[in-house]
Amino acid sequence: MADFPSKVTTETSSTPTQRSQQGGNSLRGLTASVTNIMDMSFIRSIPAILMMVEICLGLIHWALIASTPYTAIPAYGWVMFVAVTLWILTTILFLMILFSTQQKITFIPWPLTVMVYNAAATVLYLTAFLTNASTVHPYQHFHFYGHLGAAAFFGAVVTVAYGASAFLSYLDWKGDGGNAATNTVPT
């Protein structure tokens, strides 16, 4: 049997700073690997900020509705359905774009998909907002009047945010992307 060398080294040629950035046990390595996966330029964009507004204010909207006896008025069932469904779908879409899923799933026309989603969300949230606002009566549910009124306000703000997202996704789908100074097509 061959003699085993007395000194065996298992160290690789990478430096300690390279090893910590590659992962390992350190928190710094973990955060470096997570930020490499995320699209950090998307986080700083206006569509991402609008999506974060839609997620945060949409959560407040359906939480305000859920904190009232919304089953007493059947119209609030529609408002809850729209608010919760679009909150979940927007969160999933935000995470998919953040982690660059559109580059991995190339058979989906992403600009068109996002535009159709935002346009449909705008229409659905508009109907939910109008339903919510039209059923707020100060004397019917006196204790929850403030919640329902605030929910109508947040519903309006989220509707505007979805409308702005729909407009920006339309511009992205159209492919213009420039401004009047970079447009060289003669009129």
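Keep in mind that this is a model prediction, so the values were computed, not measured.

The N-to-C vectors of helix H5 (residues 75-98) and helix H7 (residues 110-134) enclose an angle of 155 degrees; their axes lie 9 Å apart at closest approach. Classified by the angle their axes make, H5 and H7 are roughly antiparallel. Taken as a pair, H5 and H7 cross one another with a handedness that is left-handed. Here H5 contributes Ala75, Tyr76, Trp78, Val79, Val82, Ala83, Leu86, Leu89, Thr90, Leu93, Met96 and Ile97 to the contact with H7, which in turn contributes Trp110, Val114, Tyr117, Ala121, Leu124, Tyr125, Thr127, Ala128, Thr131 and Asn132.

Those places that UniProt annotates as "transmembrane region" (unreviewed entry) correspond, in this numbering, to residues 46-64, 76-98, 110-130 and 142-164. Taken end to end, residues 46-64 is 100% helix and 0% strand, and its two terminal C-alpha atoms sit 27 Å from one another. Secondary structure across residues 110-130 comprises 100% helix and 0% strand; the distance between its end C-alpha atoms is 30 Å.

Taken together, the side chains of Leu112, Val116, Phe167, Tyr170 and Trp173 make up a nonpolar region of the molecular surface, amounting to roughly 480 Å² of accessible area. Every element with two or more residues in the nonpolar patch is listed here: H7 and helix H8 (145-174). Considering each element in turn, the nonpolar patch owes the most residues, three residues, to H8. Inspection of the secondary structure assignment puts Val116 in helix H7. Val116 gets classed as partly exposed once you look at its relative accessible area, which sits at 47%.

Cut-offs and rules
Residues numbered from 1 in each chain as written. Predicted model: local features only at pLDDT ≥ 70, side-chain atom pairs only at ≥ 80, totals over all residues. Heavy atoms only, no water. Axes fitted to C-alpha atoms, helices over the stretch in contact; angles between N-to-C directions. Helix = DSSP H or I, 4+ residues; strand = E, 2+ residues; numbered from the N terminus. Parallel < 35°, antiparallel > 145°, perpendicular 65-115°, else oblique. Left-handed = near helix turned anticlockwise from the far one by under 90°. Contact = heavy atoms within 4.5 Å. UniProt positions renumbered as here; feature names shortened; annotations may be inferred. Patch = residues over 30% accessible without salt bridge, like charges linked within 9 Å, V, L, I, M, F, W, Y side chains within 5 Å. Areas by Shrake-Rupley, 256 points an atom, 1.4 Å probe, with all protein chains shown as cover. Salt bridge = Lys/Arg side-chain N within 4 Å of Asp/Glu carboxyl O. Buried < 20%, exposed > 50% of the residue type's maximum accessible area, 1.4 Å probe, protein only.

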